[in-house]
Amino acid sequence: DAKDKVTYTHDKNNKLITEERTIWSNKKTTYKYDIHNNLIEKDMDDFNWGKYTYGYNSDNQMVESSKELKGGFYYRATYKYDWRIPKRKK
């Protein structure tokens with residue numbers, strides 16, 4: 001019976017830096033952040049290898065994301081925010 005063991009590493013600000021899984025093969029995911037604590041990169045080191053990147057505007061809203069997998073698969077998405085929609089009051 002295979003057991004999946006997961007180990008997490010956090011930085012001094014409690015942001016997730018690495019995630020390591022061991023089941024059948026080792027898998028390590030590394031996370032990187034910008035100075036505003038936005039996730040900008042997620043790098044997965046396993047048999048499928050995946051690199052995810054994220055971009056933000058000056059309001060810290062995600063405006064683009066991309067995914068690159070081993071074998072040349074690439075996907076990119078962009079996002080727009082409509083400034084005319086009023087913010088909800090709490």
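In this text the structure is predicted, and so the values were computed from the model without any measurement.

> Just to check I follow, could you spell out the packing of aromatic side chains for this structure?
To describe a pair of aromatic rings, one takes the distance between the centres and the angle between the planes. Applying the stated criterion to the full structure yields zero aromatic pairs. Sitting above the plane of the tyrosine 52 ring, lysine 42 keeps its charged end 5.3 Å from the centroid.

> Looking at this model, I keep getting lost on the environment of threonine 53. Mind explaining?
Along the chain, the position of threonine 53 falls in strand β5 (residues 50-56). Given a relative accessible area of 26%, threonine 53 falls into the partly exposed group. Separated by 21 residues in the primary sequence, threonine 53 and lysine 32 place their C-alpha atoms 9.4 Å from one another. Once residues within four sequence positions are removed from consideration, threonine 53 is found in contact with Ile40, Glu41, Glu64, Ser65 and Ser66.

> It is not clear to me how the environment of serine 65 should be interpreted in this structure. Could you clarify?
For serine 65, the position within the fold is in strand β6 (residues 62-69). Of the residues examined, serine 65 reaches a relative accessible area of 12% and is grouped as buried. For the pair serine 65 and isoleucine 40, spaced 25 residues apart in sequence, the C-alpha separation works out to 8.9 Å. Those residues in contact with serine 65 that sit more than four places away from it in its chain are Thr53, Tyr54, Tyr75, Arg76, Ala77 and Tyr79.

> Sorry if this is basic, but what is going on with the side chain of lysine 15 here?
Topologically, lysine 15 is positioned in the loop between β1 (5-10) and β2 (16-23). Within the structure, the side chain of lysine 15 is placed 2.9 Å from the side chain of asparagine 37, a separation counted as a polar contact.

> I tried to follow the pairing of β5 on my own but got confused; where do I start?
Pairing analysis gives four bridges linking strand β4 (residues 39-45) to β5, with the strands arranged antiparallel. Paired with methionine 44 across the bridge in β5 is glycine 50. When β5 meets β6, the two strands line up antiparallel, connected through seven bridges. Counterpart to lysine 51 in the pairing with β6 is glutamate 68. Hairpin connection, β5 to β6: the antiparallel pair is bridged by five residues, and asparagine 60 has positive phi, about 60°.

What counts as what
- Residues numbered from 1 in each chain as written.
- Predicted model: local features only at pLDDT ≥ 70, side-chain atom pairs only at ≥ 80, totals over all residues.
- Heavy atoms only, no water.
- Phe/Tyr/Trp six-rings, centres within 6.5 Å; stacked < 30°, edge-to-face > 60°.
- Lys NZ or Arg CZ within 6 Å of the ring centre and 35° of its normal.
- Helix = DSSP H or I, 4+ residues; strand = E, 2+ residues; numbered from the N terminus.
- Buried < 20%, exposed > 50% of the residue type's maximum accessible area, 1.4 Å probe, protein only.
- Contact = heavy atoms within 4.5 Å.
- Polar contact = N/O pair within 3.5 Å; in protein donor to acceptor, adjacent residues only side chain to side chain.
- Pairing = 2+ DSSP bridges.

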